[in-house]
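Listed below, chain by chain, are the residues.
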Amino acid sequence: MKVKVISRSTEEFTRERSQDLQRVFRNYDPALRPQEKAVEYARAVNAAKLEKIFARPFVGAMDGHADGVSCMAKNPNHLKGIFSASMDGDIRLWDMASRRTVCQYPGHKGAVRGLTVSTDGTILISCGTDCTVRLWSVPIAGAGESEDSSRNVSKPLIVYAWKHAFWAVDHQWNGNVFATAGAQVDIWDHNRSEPLNTFGWGNETSVSVRFNPAEPNLLATSASDRSIVIYDLRMSSPARKLIMKTKTNSIAWNPMEPMNFTAANEDCNCYSYDARKLDEAKCVHQDHVSAVMDIDYSPTGREFVTGSYDRTVRIFQYNGGRSREIYHTKRMQRVFCVKYSCDGTYLISGSDDTNLRLWKAKASEQLGVVLPRERKKQEYLDAVKDRYKHLPEVNRIVRHRHLPKPIYKAANLRRTIIEAERTKEKRRKAHSAPGSISAQSYRKRRIIREVE
Amino acid sequence: MRGYGADLESLKDKKLKGQLSVKEQLYGQSAKAAAKTEKWIMPTEGGSLVAEGLEKTWRMKQEDIISEVDILSSRKACDISLRVLGPYTLVYTLNGRNMLMAGRKGELATIDMLTMNLIKNFQVKETVRDVVFLQDGQTFAAAQKKYVYIYNRDGTEIHCLKEHEAPQSLQYLEKHFLLSSINKYGQLHYQDVSTGEMVANYRTGLGGARAMRTNTFNAVIGLGHPGGKVTMWKPTSVKPLVSMLCHHGPVTAMAFHTDGRLMATAGMDRKIKLWDLRKYQVLRSFAGHARTLDFSQRGLLAVGNGSFVDIWRDSGGDQSFMDRYMNHSMVKGYQVGRVRFRPYEDVLGIGHSNGISSVLVPGSGEPNFDSWVANPYETRQQRREKEVRALLDKLQPETIMLDPGRIGTVRPTRATEAEEEDVAEVKEAAIAAAKASALKHKTKGRNKPSKMLKKKQEGIERVKRSFMELPPERESKKLKKTEEVELPRSLQRFAKKKSS
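Residues numbered from 1 in each chain as written. Chains lettered and ligands numbered in written order. Predicted model: local features only at pLDDT ≥ 70, side-chain atom pairs only at ≥ 80, totals over all residues. Heavy atoms only, no water.

- Going by the annotation in an unreviewed UniProt entry, the name recorded for chain B is BING4 C-terminal domain-containing protein, with Spirodela intermedia given as the source organism.
- Per UniProt, chain B has the following entry under Subcellular location (unreviewed entry): "Nucleus, Nucleolus". (UniProt positions renumbered as here; feature names shortened; annotations may be inferred.)

- Chain A has the name DDB1- and CUL4-associated factor 13 in an unreviewed UniProt entry, where Spirodela intermedia is given as its organism.
- The record held by UniProt for chain A lists under Subcellular location (unreviewed entry) the comment "Nucleus, Nucleolus".
- As stated in UniProt under Sequence similarities (unreviewed entry), the record for chain A gives "Belongs to the WD repeat DCAF13/WDSOF1 family."

Set out below in structure tokens:
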């Protein structure tokens, strides 16, 4: 007969010296692990609770402006700096790490309405209600950080004066041309004192302008006649126009899916559109209770941040109807501009109370260098929490956000009103002849028409 | 083991379909990777006993096996002979490292099986009926004459659990930190060892259970009662989950297979039955007595009776065709009290009236352990870390259910059955609450005991009445049935025929 018995030698299974690592042996047989789902569920509950414990999104505030912050600009070549401009014409360059002003650019006589940085990061372009466009030179990255106490004050490179007040400015992603929005949309070159080209459709002022990240000749603007217009620089007339029921305050293109853009609207919603098919919104992002003032996409293209007149900053997923996160502080008043940092970790919000605030994009994220084991553990906890986040106990913890009372009440009121309207629609449809009333999807409801 | 994948064809939601298909792909990839690593990551091979020619495996004696096997393994088969302090019972830790032997007359000894060192040996001078290891392999609980006592590795008594009165058997649920005991009156207690709170006390109503085992697959405790019934319990319900009549006489022993699908019970009616726990039906029935039963990690069944131990193995693979594998008979006069397989080793421990024996059973243990689950070579630091992790992952008693895979799934919409179950549970809970409610103590001579009792019973009846309302349909159906029968025979042809 043949006999074999399990025999293990201790040397194989224990370490030789005390400075060696302990030996680990794995057997992935699920029979060795009973009640896996219960263990995962317990871990999901604990992970949700821990996430809430470590959720401290507010990093710091940068104060220095004397009036409300009206616009901000990111420098794509320099991660740590952010430009901001206020309603009294003061433009500053901030160092986000130390939260101090590096450089100031005084000169504008009225409110500065638009800020943008050129593609190579050397020129800052600003425009304002004093009908001027000013170009400034940006200090080289690293030069400004050595002297913390001294504040550089720069003179503009050049000042272009024009006929009407400007509302917004944006630079081409990969070119030499920038566009300003005002009574008309003007296309400028750095060295010309007059715009190269002018676009206009109707007699309305354009309120915001954005160039497409992938297609350098495409830009989207929104006007105060509740329209969104898409222009192509190579054509003399606008490419597409979409008229909605309320005005759009700001537009942002998705950097990863450049055919899609999201419009921040006055009716408290954000609408995501596919630029090729404007008759229906791709997604309606609802959660704000007051007009959405500004919107910016994360460099990953997976989420975007919005700042609203209701004193909150919200983060949405690019395809999600509800916000993932809400940030608010007692001291933060109406938020006029938001930016997502170029590495996708921070948000910067500029608000009416003259402060810029720095927030974490993921509220419970550990900043700094994370060890591989810590990172793996965090990824595991996120994954197990995602798997069970639909169960009531985990859902209750994950969903919980403290809202300021006025926003909570306003949200309840909006919900009641929307529910009432929906019930009325449903009843009307139920009590009328079948087929006489057609249901209109919410994505189409806020669009009046598309004009070619 | 994981079941079928999600049915993506019937989904209409494109977003969900996309997300699910990505997840299914990931599952497939990880399963393949795990299967691949199995080939070269498993350091040890399992044991086996193959008979050549006309030999039969059950005629192999221990001496023959020991002579064929290497020295280290032959040392694992040993006999510890202690005659004085009563029949001995034994228990192993989950990683097979430590063993605890308890003599009925009060001797407790922990032995480190790897180095064969005696960790601690002491006497409690009282009857000890059962012992279990607690969360680390060092603290243990002993069911003594009147109460349950918890001892640490040095033999110091740390706790005396007075709520467990006259305990007969103990079981410990690892992941839930629950110590449960049954006493001769049939009272089942669940106590949380980490916080100390008593989670549940139930009166089984069926008498003291001689056999008490845990189904490790779903953490359900099975009791074998003197009436022949086997009941299965969870800490959150007053009534047992399952109650099945298994034998014509008292149930003497029971054991659960590690995958939770098979149960072996033995009764005084000279039958040993193998039950399928999915359909609750008998798979096989053997003749014979059994004082003790145990399943090994690889599905071998050890049956202890008198002074010999039979070991059966399923040769067909579907566990319905168990045949004799080995047999070990000891000196006549040694009464086998308990058999337990040692985890991750090919060893069977036998506790008998004269001490402890361990015999080699090739092919009974799982050869490859997982360090994160149970590590027989764990160091002190690893043991401490494991205890902390286990506390962090402690499961709540509500997660114990017959089908542990139901967590996270959508509740089935079979309305009537689900409703009845829920209603029964709610009813039990309400009745228990009504019975436990404290009455206000009245003054001025108005608190006669007879009146207090009457008031309490009224409260219980009120609760019962609120559940007693039958839906009117059932009553009318009953009436209709009786009406049909009453027609005389000659008029039956004119009766209303049921339309099919």
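## Here's the deal with the packing of aromatic side chains
Point 1. The final tally for this structure, using the stated rule, is 27 aromatic pairs over all chains.
Point 2. Both rings, one in Phe-178 of chain A and one in Trp-188 of chain A, keep their centres 6.3 Å apart while their planes meet at 0 degrees; by these two values the pair is stacked. Taken together, the residues span a long stretch of sequence, with Phe-178 of chain A in strand β13 (residues 177-181) and Trp-188 of chain A in strand β14 (residues 185-189) at a distance of ten residues. Each of the two residues, Phe-178 of chain A as well as Trp-188 of chain A, counts as buried.
Point 3. Ring centres of Phe-369 of chain B and Tyr-377 of chain B lie 6.1 Å apart, and the angle between their planes is 40 degrees; on these two criteria the pair is classed as tilted. The pair Phe-369 of chain B / Tyr-377 of chain B is uniform in exposure class, with both members buried.
Point 4. Feature note: the residues Phe-13 and Phe-25 of chain A together with Tyr-344, Phe-369 and Tyr-377 of chain B constitute an aromatic cluster, connected by ring pairs.
Point 5. Directly above the aromatic system of Tyr-309 of chain A lies the positively charged group of Arg-334 of chain A, at a separation of 4.3 Å from the ring centroid. (Phe/Tyr/Trp six-rings, centres within 6.5 Å; stacked < 30°, edge-to-face > 60°. Helix = DSSP H or I, 4+ residues; strand = E, 2+ residues; numbered from the N terminus. Buried < 20%, exposed > 50% of the residue type's maximum accessible area, 1.4 Å probe, protein only. Lys NZ or Arg CZ within 6 Å of the ring centre and 35° of its normal.)

## Quick look at the environment of Gln-184 of chain A
All names here are of chain A.
Point 1. By secondary structure assignment, the location of Gln-184 is in the loop between β13 and β14.
Point 2. Residue Gln-184 is classed as partly exposed on the basis of its relative accessible area, which comes to 36%.
Point 3. Between the C-alpha atoms of Gln-184 and Arg-449, which are 265 residues apart in sequence, the distance is 22 Å.
Point 4. Discounting chain neighbours no more than four positions away, the residues touching Gln-184 are His-164, Thr-198 and Phe-199. (Contact = heavy atoms within 4.5 Å.)

## What to know about the UniProt feature "repeat: WD" (unreviewed entry) in chain B
Point 1. In the numbering adopted here, UniProt assigns the feature "repeat: WD" (unreviewed entry) to residues 244-285 of chain B.
Point 2. With 0% helix and 60% strand, the stretch residues 244-285 of chain B has end C-alpha atoms that lie 16 Å from each other.

## Brief notes about the interface of chain A and chain B
Point 1. Counting residues at the interface gives 36 residues for chain A, matched by 61 residues for chain B.
Point 2. Together, Met-1, Ile-6 and Arg-8 of chain A form the three largest contributors to the area buried by chain A at its contact with chain B, with a combined 20%.
Point 3. Between chain A and chain B we count five salt bridges in total.
Point 4. Here Arg-33 of chain A ties to Asp-370 of chain B by a salt bridge, and the two come within 2.2 Å at their closest N and O atoms.
Point 5. At the boundary of chain A and chain B, one finds 28 residue pairs in polar contact (both at pLDDT 80 or more). (Buried area = accessible area lost by both parts, 1.4 Å probe. Salt bridge = Lys/Arg side-chain N within 4 Å of Asp/Glu carboxyl O. Polar contact = N/O pair within 3.5 Å; in protein donor to acceptor, adjacent residues only side chain to side chain.)

## Details of the pattern of salt bridges
Residue and element names in this part refer to chain A.
Point 1. If you walk through the whole model with that rule in mind, you get 40 salt bridges over all chains.
Point 2. In this structure, Lys-80 engages Asp-95 in a salt bridge whose closest nitrogen and oxygen atoms are separated by 3.8 Å. Separated by 15 residues along the polypeptide, Lys-80 in the loop between β3 (69-74) and β4 (81-86) and Asp-95 in strand β5 (residues 91-95) bring together distant segments of the chain.
Point 3. Residues Glu-379 and Arg-375 are paired through a salt bridge, measuring 3.6 Å at the closest nitrogen-oxygen approach. Taken together, the positions of Glu-379 and Arg-375, both in helix α3 (residues 372-387) and four residues apart, correspond to about one turn of that helix.

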